[in-house]
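# Structural features, examined
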Amino acid sequence: MVKIEHIEDREEEPEVVTKSVRESEDRQLLWLVIVVGVIFATIFISYFWVQSAKSFQYDEINWTIHDYNNLKIFHGRFPSLGVANMTFNIYLREDPRTNNVPTMGTFDKFSYGGIVSISPKIDSCRGQLSREMLDLGSFMRRGIGVGPLEVGTTDKFTSLELNRTYVQCNTVSDKTIVIIEMGNSSVTQNDTNPYCYTIKAKNCNDISSVEKFIVKSVNDYRGNK
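Right, let's walk through the structure included here.

Procedures and definitions
- Residues numbered from 1 in each chain as written.
- Predicted model: local features only at pLDDT ≥ 70, side-chain atom pairs only at ≥ 80, totals over all residues.
- Heavy atoms only, no water.
- Pairing = 2+ DSSP bridges.
- Helix = DSSP H or I, 4+ residues; strand = E, 2+ residues; numbered from the N terminus.
- Contact = heavy atoms within 4.5 Å.
- Axes fitted to C-alpha atoms, helices over the stretch in contact; angles between N-to-C directions.

### Notes on the sheet that holds strand β10 (residues 186-189)
Spatially, 7 strands are ordered β5-β10-β11-β9-β6-β7-β8 in an open sheet, and the strand pairing comes out mixed. Single-partner strands in this sheet number two, and they are β5 (103-104) and β8 (165-166). Direction of pairing for strand β7 (residues 149-153) relative to β8: parallel, over a ladder of 2 bridges. Looking at β8, one finds that Gly152 is bridged to Thr165. Against the sheet, helix α3 (residues 128-144) contacts β6 (114-118), β7, β9 (176-182) and β11 (196-201), and its axis sits at roughly 170° relative to β9. Sheet contacts for helix α5 (residues 208-223): β5, β9, β10 and β11; angle to β11, the most-contacted strand, approximately 145°.

### With respect to the sheet that holds strand β4 (residues 87-92)
Across the sheet, 4 strands lie side by side as β1-β2-β3-β4; this open sheet has antiparallel pairing. What marks the edges here is a single partner per strand, and that holds for β1 (55-58) and β4. Each strand axis lies, on average, 30° off the axis of its neighbour in the sheet, ignoring direction. Note: strand β3 (residues 71-79) against β4, 6 bridges, orientation antiparallel. Looking at β4, one finds that Pro79 is bridged to Thr87.

Given below as structure tokens:
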């Protein structure tokens with residue numbers, strides 16, 4: 001007869017985790033949390049630093065920088081100077097903070113109705129300045145609130161040939177006048193007629209003077225109100 005012995009099931013003794021092992025694991029977990037936290041903090045700080053570097057306030061205007069086809073565009077927003085409850089947007093090709101075009105006068109005198117008087121050389125331009133004059137017109141009409149604009153000329157013969165009004169600072173006194181002609185880059189307010197401004201561009205691609213006029217007009221007008 002085969003004798004069957006009774007074998008008792010034995011439970012394995014649980015592995016004893018020493019205090020030093022637990023402390024080591026806790027330290028490793030803590031360092032993991034710290035490293036992950038530092039990585040996320042670095043990412044967020046870098047992101048907000050980059051974003052803040054793309055926005056700034058200058059000359060009473062809030063600006064943001066946009067990259068468009070490898071070209072930096074400076075987008076400015078400000079309450080219209082003449083149209084109630086309207087925010088006006090301007091888009092510049094040059095950084096307004098580094099635009100050093102010389103100016104003379106305080107650009108805060110604007111009356112309803114305006115004339116942009118163009119010299120024959122400017123009229124023949126087909127470069128960036130031609131496009132910039134469209135922005136100038138929009139700024140004068142709605143950004144400043146001049147309203148309706150007329151295109152004039154600084155030359156008497158061109159006035160007869162193209163049926164445009166001959167306009168200089170001393171020929172019109174009841175409207176805002178902006179004269180655009182060739183010369184060293186500058187913007188000047190006329191001494192006799194403070195509602196008349198002369199913008200000079202050095203060539204058909206020089207938009208710095210027009211952009212300077214826009215930015216300084218907002219700063220002077222809002223700064224003196």
